[in-house]
Amino acid sequence: MKTRILVTGGTGYIGSHTVVELQNNGYEVIIVDNLSNSSANVVDNIEKVSGIRPHFEKLDCCDLSGMDAMFTKYKGIKAVIHFAASKAVGESVQKPLMYYRNNIVSLINILDLMPKHGVDGIVFSSSCTVYGQPSKENLPVTESAPLQPAESPYGNTKQINEEIIQDTVKSGSPITSILLRYFNPIGAHPSALIGELPNGVPMNLVPFITQTAMGIRKELSIFGDDYNTPDGSCIRDYINVVDLAKAHVVAIDRILKQKQLEKVEFFNLGTGKGLSVLELVKTFEEVTGVKVNHKIVGRRAGDIEQVWANPDKANNVLGWKAECTTEETLESAWNWQKKLRELGIQ
Ligand code: NAD
Ligand code: WQD
């Protein structure tokens, strides 16, 4: 019998890619998603990619009794990957209570129900946002770099959730956990059957680039060229979403094989390479042969100047490494955008 894994937020961007990788590695997946930022047809597309249809429950993780019933229905779930969360930084500033409720209550419910249903482990989606702007000597950033006060309610939910997991484990709950701090996930599955579906005007760089290249947006605004970086634009660590998804399979294997050295482990998931906004745009143009109209505008409030990962711990301890090149990743993002056009979606 296959090992059952619950994936909350499994029809979302990173979740859908992870479900495919879990299935490719022999796991049976149950997706719980309330479809607040994704659609049910993602389940069909996951099936097209992997040849296996995951179980799907349209359910809100904040619904404690609904989640309880779900664990009872799918007996024997061994571990959870908890992606479900609201993730728009700007919106979280406008609607902090909505963010605190959704992101924190969801996790509390899951942690509450895990021991009752004999679920051993949880992999949690955290973010490099917890590091804020690391000092120069802390770049590239390691897991032991000091955390900075969050810039937004969204970022704060990640810090609070990390603390909730640590406190729960400390209290003696029979849970093990791996907290994955993602840097900037980009790109789409090479099949172009699953990818990121931004809601409205994209806030993130790569969807804005691909939509501009497609002619949906007139022009990309580059937020600042006066930073203290080689070309003046901000630097990030852009990580391919399939590479990122694969790290979750490794994390699940590690939990189930009880290889963890500690009951709460943290890993940075990044490439170890910092790329500027201008470099990313240039690479996109070179790879696709499509021009991206852009102009330099003022800085975006709250932006970090530069951050990229030191992924040594994930490389050495998890045995996971980002493999895709930036070129391949940007090509996959462009193929996904073209697919959306073909389907008349965007
Ligand atoms: P996404 O919005 O595409 O996926 C999240 C999914 O969770 C969506 O399908 C949404 O419908 C669902 N969801 C939200 N609240 C829910 C709830 N209460 N109950 C059930 N389902 C719910 O986002 P993503 O980019 O795939 O991000 C996945 C996780 O990774 C999130 O926790 C996010 O904060 C984290 N993360 C994302 C990034 C990024 O840049 N994309 C970076 C760091 C961390
Ligand atoms: C990348 C770079 C922008 C759009 C956000 C969240 C973070 C994490 C990942 C979840 C920055 C520049 C962007 C545009 C631009 N999410 N940019 N023009 O800000 O690194 O991180 O997503 O945890 O919490 O804050 O990602 O893609 O928005 O921006 O010049 O139209 O692109 O200034 O330097 P960011 P991003």
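One can find the structure itself at the top, above this paragraph.
The structure presented is a predicted model; accordingly, all values stated were derived computationally and were not measured.

**Q** An account of the environment of Ser 38 is requested, with residue identities and associated values reported.
**A** By the element assignment, Ser 38 lies in the loop between strand 2 (28-33) and helix 2 (41-50). Residue class for Ser 38 comes out buried when judged on its relative accessible area of 17%. Separated by 170 residues in sequence, Ser 38 and Phe 208 have C-alpha atoms that sit 18 Å apart. Apart from the residues within four sequence positions on either side, Ser 38 is in contact with Thr 11, Gly 12 and Asp 33. Here Thr 11 takes part through its side chain, which lies 2.8 Å from a polar atom of the side chain of Ser 38. A polar side-chain atom of Ser 38 sits 3.4 Å from a polar atom in the side chain of Asp 33.

**Q** I'd love a proper account of the site of ligand 2, names of residues and values included.
**A** Surveying the vicinity of ligand 2 reveals 18 residues, the closest of which are Ser 127, Tyr 154, Ser 221, Arg 236 and Asp 303. Between Tyr 154 and ligand 2, the recorded distance is 2.6 Å, taken from a side-chain N or O atom to an oxygen atom. In this structure, Phe 223 approaches ligand 2 through a main-chain N or O atom, which is 3.0 Å from an oxygen atom. Out of a free accessible area of 690 Å², ligand 2 has 87% covered by protein chains.

**Q** Can you explain the nonpolar core? Please cite residues and give values.
**A** The biggest cluster of nonpolar side chains holds 34 residues, and the ones touching the most others in it are Ile 5, Leu 22, Val 123, Leu 180, Ile 252 and Leu 269. Per-element accounting of this core gives the leading share, 8 residues, to helix 8 (residues 241-256). Beyond its immediate sequence surroundings of up to four residues, Val 123 is in contact with Val 80, Ile 81, His 82, Ile 178, Leu 180, His 248, Ala 251, Ile 252 and Ile 255. Of all hydrophobic cores here, the second largest spans 28 residues; its members include Tyr 74, Ile 77, Ile 110 and Val 264.

**Q** I'd love a proper account of the site of ligand 1, names of residues and values included.
**A** In the neighbourhood of ligand 1, 27 residues make up the surrounding shell, with Asp 33, Asn 37, Ser 38, Asn 102 and Tyr 154 lying closest. Between Ile 14 and ligand 1, the recorded distance is 2.8 Å, taken from a backbone N or O atom to an oxygen atom. For ligand 1, an oxygen atom lies 3.1 Å from a polar atom in the backbone of Ser 36. Within the complex, 95% of the 820 Å² of free accessible area of ligand 1 lies under protein. At the level of elements, helix 1 (13-24), helix 5 (96-116), strand 5 (121-127) and helix 6 (153-170) are the ones that each hand at least two residues to the shell around ligand 1. Element by element, the count of residues in the shell around ligand 1 is highest for strand 5, at 3 residues. Along the lines of polarity and charge, the residues of the shell around ligand 1 split into 11 nonpolar, 12 polar and 4 charged.

The rules behind these values
Residues numbered from 1 in each chain as written. Chains lettered and ligands numbered in written order. Predicted model: local features only at pLDDT ≥ 70, side-chain atom pairs only at ≥ 80, totals over all residues. Heavy atoms only, no water. Helix = DSSP H or I, 4+ residues; strand = E, 2+ residues; numbered from the N terminus. Buried < 20%, exposed > 50% of the residue type's maximum accessible area, 1.4 Å probe, protein only. Contact = heavy atoms within 4.5 Å. Polar contact = N/O pair within 3.5 Å; in protein donor to acceptor, adjacent residues only side chain to side chain. Near = heavy atom within 4 Å. Areas by Shrake-Rupley, 256 points an atom, 1.4 Å probe, with all protein chains shown as cover. Core = buried A, V, L, I, M, F, W, Y, C linked by side-chain atoms within 4.5 Å. Nonpolar A, V, L, I, M, F, W, Y, C, P; charged D, E, K, R; others polar.

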